[in-house]
Amino acid sequence: MRNPFIQSAILVALILAESTLLQDFGIAGVRPDLYLVLFLFFAYAQGSQGGVVIGFACGLVLDFISIAPLGMNAFSLSLLGFGMGSLRGKLFIDPVFMPFMLAFVAGLANALLARFLSGIFGGPGGSVLFSGGLFLQLGLNALIAPILFGLLKALGAIPQYLREEER
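A few points on the structure. Here the structure is a predicted model, which is why all the values come from computation and not from measurement. (Residues numbered from 1 in each chain as written. Predicted model: local features only at pLDDT ≥ 70, side-chain atom pairs only at ≥ 80, totals over all residues. Heavy atoms only, no water.)

## Quick look at the overall build of the chain
Note the threshold: Segments assigned H or I by DSSP are reported as helices when at least four residues long, segments assigned E as strands when at least two residues long, and all are numbered from the N terminus. Here, residues are in contact when the closest pair of their heavy atoms is within 4.5 Å. Computed with a 1.4 Å probe, the accessible areas rest on the Shrake-Rupley method; for each residue, only the protein chains presented here act as cover.
Counting secondary structure elements, the chain contains 5 helices and 0 strands. For the chain, the succession of helices and strands along the chain, N to C, is α-α-α-α-α. Pairs at least 24 apart in sequence give 71% of the contacts found in the chain among residues at least 6 apart. Of the roughly 8800 Å² of accessible surface on the chain, a fraction of 70% belongs to carbon and sulfur atoms.

Here it is as structure tokens:
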């Protein structure tokens, strides 16, 4: 389960399920980005290099199934994967608060990157960045993050404690 290619395949399957099967689920027309929350924790478990690989693979899939310019999501998720992977061994992630904050901040960073890149490349970015829908989605991501993180820890997908030589 710690292989970045297996984790990428899991995320691709989740992205496809979210875009087809889970499209009608949500609150007030807004659904959480389960793939983003899961991606953050896989990137943390893999480190910066694995986070970039996973982010690039998932971003390309998102680019192909969305109307975004090719490479826009790949760039933003690669950057987020590098940042999250760089935190490995430097940040203690407790069961509730840090997953909550990381999901909120990463979702906001992803929205800002999408808006910036859509301004450059002319893709879809939304005319209003700070809308109620964005904050509802960030809140849903943040609420789901501790649950997914705890589940992944229980399944052994993310190491609970890093050994000294891995830091």
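## As for the packing of aromatic side chains
To be explicit about the condition: Aromatic rings from Phe, Tyr and Trp, with only the six-membered ring used for Trp, were paired whenever their centres fell within 6.5 Å, and each pair was classed as stacked if the ring planes differed by under 30 degrees, edge-to-face if by over 60, and tilted otherwise. Here's how the labels work: a residue is buried when its accessible area is under 20% of the maximum for its type, exposed when over 50%, partly exposed in between, all with a 1.4 Å probe on protein chains only.
If you walk through the whole model with that rule in mind, you get 1 aromatic pair. Where Phe41 meets Phe149, the ring centres are 4.8 Å apart and the plane angle is 50°; that geometry is what we call tilted. Highlighted residues: Phe41 in helix H2 (residues 34-65) and Phe149 in helix H5 (residues 132-155), separated in sequence by 108 residues. In this pair, the class of Phe41 matches that of Phe149, namely buried.

## Focus: the pattern of salt bridges
As a reminder, the rule being used: Just to be clear on terms, a salt bridge is a Lys or Arg side-chain nitrogen sitting within 4 Å of an Asp or Glu carboxyl oxygen.
Going through the model one piece at a time under the given rule, you end up with 1 salt bridge. The partner of Glu18 in a salt bridge is Arg31, with the nearest N and O atoms 3.5 Å apart. Remark: Arg31 occurs in the loop between helix H1 (4-20) and H2 and Glu18 occurs in helix H1; sequence separation between them is 13 residues.

## Quick word on the environment of Phe149
For Phe149, a relative accessible area of 2% translates into the label buried. Separated by 107 residues in sequence, Phe149 and Phe42 place their C-alpha atoms 9.7 Å apart.

## Let's talk about the environment of Asp94
Definition in use: Between N or O atoms, a polar contact is any pair within 3.5 Å; within protein, one atom must be a potential hydrogen donor and the other a potential acceptor, and residues adjacent in sequence are included only when both atoms are from side chains.
Mapped onto the secondary structure, Asp94 falls in the loop between helix H3 (72-86) and helix H4 (97-121). By relative accessible area, which is 19% here, Asp94 ends up buried. The sequence separation of Asp94 and Phe149 amounts to 55 residues, and the corresponding C-alpha distance is 9.7 Å. Among residues more than four places away in sequence, those in contact with Asp94 are Pro99 and Phe149. Within the structure, the side chain of Asp94 is placed 2.9 Å from the backbone nitrogen of Phe97, a separation counted as a polar contact.

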